[in-house]
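Given next are the chains, with one letter for each unit.
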Amino acid sequence: MKAGGVACTDLVKSFGDPPIDVIRNITLNVKRGDFVAITGRSGSGKSTLLYLLSGLDVPGSGQVTVDGERLEALSPEDFDSFRNERMGFVFQFHYLLPELTALENILMPARRSGRHLEKKAKAEALLDQFELSHCRDKVPGKMSGGEQQRAAIARALILEPHFLFADEPTGNLDSSNGETVMNIFEHVNKTLGTTILMVTHEPDYAARARRQIQLVDGVVAEDSDA
Ligand SMILES: Nc1ncnc2c1ncn2[C@@H]1O[C@H](COP(=O)(O)OP(=O)(O)OP(=O)(O)O)[C@@H](O)[C@H]1O
Ligand SMILES: [Mg+2]
C-alpha cells in the first residue's frame, strides 16, 4: 500500500546547545485527503513540525512517513523528486524567483522534472482560475502581495501534488486576499483530494479546516480528532 497520508511517530527535535526540545515526542496520523490546521502560540513549534513532516528538516529522533514512504529511508535524489512531485509548499512569504514571470515561476516545479511543456496548459488554466491572467508575463515585483501569493500557490499545485504544506499562507495578506487563499485551499482539498496541512494564527481560518491540532510547547495539547 503506497497511497497514504502523513504520519509521524515519537518525533523529537531540539535546537541549541544545551539542546532544548522544541518538538517533544509527537505522534500523529493525518489521513489522505484531510485538511488539517496546526495552531498554537508563537514559538510553540508549528513551523518546525511542518518542516519535519514535509522533510524540509530532519528530526533528532522519530520517524515520518509520507504516502507510505519513510522519508529517512529515501536517498537524497529520490527524496528531491518525491518532494517535487508529491508535495507543494506555500509559505508566508512567497519565495517566487524575482527574475521570472508568473508563468515561468508557476512552471518551475514542472521544469525541474522536465515536464514544463506538458504542463504549460495547466499553468495557463491555474493563472485563469486564480485570476492571474493579467500577471502571466509580469515578474513578482510588479504584482500585488495577493497576486504573488496566488502565483506561489499555483506553483505549489502545478504538478497536482498529493500534499500541500502551508506555513501561515495568509499571514502577510489583508483579509480579502486571505479569504481568497482559504477559498482556493478548500476548493483544492474538495475537488482534487489534496491533503492539506496548514499552520495558521487565525482562529477563523483554522476553523475552516476539517481537523484542528493545537501545539503548546512542542506537544499536541488539543486535537479535534482525538
Ligand atoms: N533553526 C533554529 N535554531 C534554533 N532554534 C530554533 C530554530 N528554529 C526554531 N527554533 C526555536 O524553536 C521553537 C519553535 O519554533 P517554530 O518556528 O517552530 O515556532 P512557531 O510555532 O512556528 O512560531 P511562530 O508562530 O512565531 O512562527 C522556538 O523557540 C524557536 O526559537
Ligand atoms: Mg512559524
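Residues numbered from 1 in each chain as written. Chains lettered and ligands numbered in written order. Predicted model: local features only at pLDDT ≥ 70, side-chain atom pairs only at ≥ 80, totals over all residues. Heavy atoms only, no water.

Draft legend 1. Focus on the packing of aromatic side chains. On inspection of all chains with the given rule, the structure shows five aromatic pairs. Three or more aromatic residues joined by ring pairs make a cluster, and in this case those are Tyr51, Phe89, Phe91, Tyr95, Phe163 and Phe165. (Phe/Tyr/Trp six-rings, centres within 6.5 Å; stacked < 30°, edge-to-face > 60°.)

Draft legend 2. How the structure looks around helix α7 (residues 175–192). Helix length check: α7 (18 residues) gives 25 Å between terminal C-alpha atoms against 26 Å at 1.5 Å per residue, within 8%. Among all positions in α7, only Asn177, Gly178, Val181, Met182, Ile184, Phe185, Val188 and Asn189 are buried. Seen end-on, α7 carries its buried residues on one side only, within an arc spanning 155°. In α7, the exposed residues that point more than 90 degrees away from the buried face are Ser175, Ser176 and Lys190. Where α7 is buried, its residues meet β3 (35–40), α6 (145–157), β7 (163–167), β8 (195–199) and α8 (203–206). Sitting at the amino-terminal end of α7 is Asp174, which places a side-chain oxygen 3.2 Å from the backbone nitrogen of Ser176. (Helix = DSSP H or I, 4+ residues; strand = E, 2+ residues; numbered from the N terminus. Expected span 1.5 Å × (residues − 1). Buried < 20%, exposed > 50% of the residue type's maximum accessible area, 1.4 Å probe, protein only. Arc of directions from axis to C-beta. Contact = heavy atoms within 4.5 Å. Polar contact = N/O pair within 3.5 Å; in protein donor to acceptor, adjacent residues only side chain to side chain.)

Draft legend 3. A look at the sheet that holds strand β2 (residues 20–30). The four strands lie next to each other as β2-β1-β4-β5, forming an open sheet whose pairing is antiparallel. Each edge of the sheet is formed by a strand with only one pairing partner; in this case those strands are β2 and β5 (69–70). Seen against the sheet, helix α1 (residues 46–53) touches β1 (6–15), β2 and β4 (61–66) and runs at an angle of roughly 125° to β1. (Pairing = 2+ DSSP bridges. Axes fitted to C-alpha atoms, helices over the stretch in contact; angles between N-to-C directions.)

Draft legend 4. Quick peek at the environment of Lys120. With respect to the helices and strands, the residue Lys120 is situated in helix α5 (residues 120–129). Considered as a pair, Lys120 and Ile106 are 14 residues apart in the sequence and their alpha carbons are 9.3 Å apart.

Draft legend 5. Representation of the pairing of β1 in the model. Where β1 meets β2, eight bridges bridge the pair, whose relative direction is antiparallel. Paired with Val12 across the two strands is Arg24, which belongs to β2. Between β1 and β2, which pair antiparallel and follow one another directly, the connecting turn spans four residues, one of which, Gly16, has a positive phi of 90°. Across five bridges, the pairing between β1 and β4 is antiparallel. Looking across to β4, one finds that Val6 is bridged to Val66.

Draft legend 6. Structural context of the site of ligand 1. Around ligand 1 sit Phe15, Val22, Arg41, Ser42, Gly43, Ser44, Gly45, Lys46, Ser47, Thr48 and His201, and that is every residue in its neighbourhood. Measuring from an oxygen atom of ligand 1, one finds a side-chain N or O atom of Ser47 at 2.8 Å. Look at ligand 1: alone it shows 630 Å² of surface, and the protein chains cover 55% of it. Considering each element in turn, the shell around ligand 1 owes the most residues, three residues, to α1. Considered class by class, the residues forming the shell around ligand 1 number two nonpolar, seven polar and two charged. (Near = heavy atom within 4 Å. Areas by Shrake-Rupley, 256 points an atom, 1.4 Å probe, with all protein chains shown as cover. Nonpolar A, V, L, I, M, F, W, Y, C, P; charged D, E, K, R; others polar.)

Draft legend 7. Structural detail: the environment of Arg211. Examined against the element boundaries, Arg211 turns out to sit in strand β9 (residues 211–216). Separated by 174 residues in the primary sequence, Arg211 and Ala37 place their C-alpha atoms 6.2 Å from one another. For Arg211, the residues in contact, after removing those within four places along its chain, are Leu28, Asn29, Val30, Asp34, Phe35, Val36, Ala37, Asp223, Ser224 and Asp225. Among the polar contacts made by the side chain of Arg211, one reaches the main-chain carbonyl oxygen of Asn29 at a distance of 2.7 Å.

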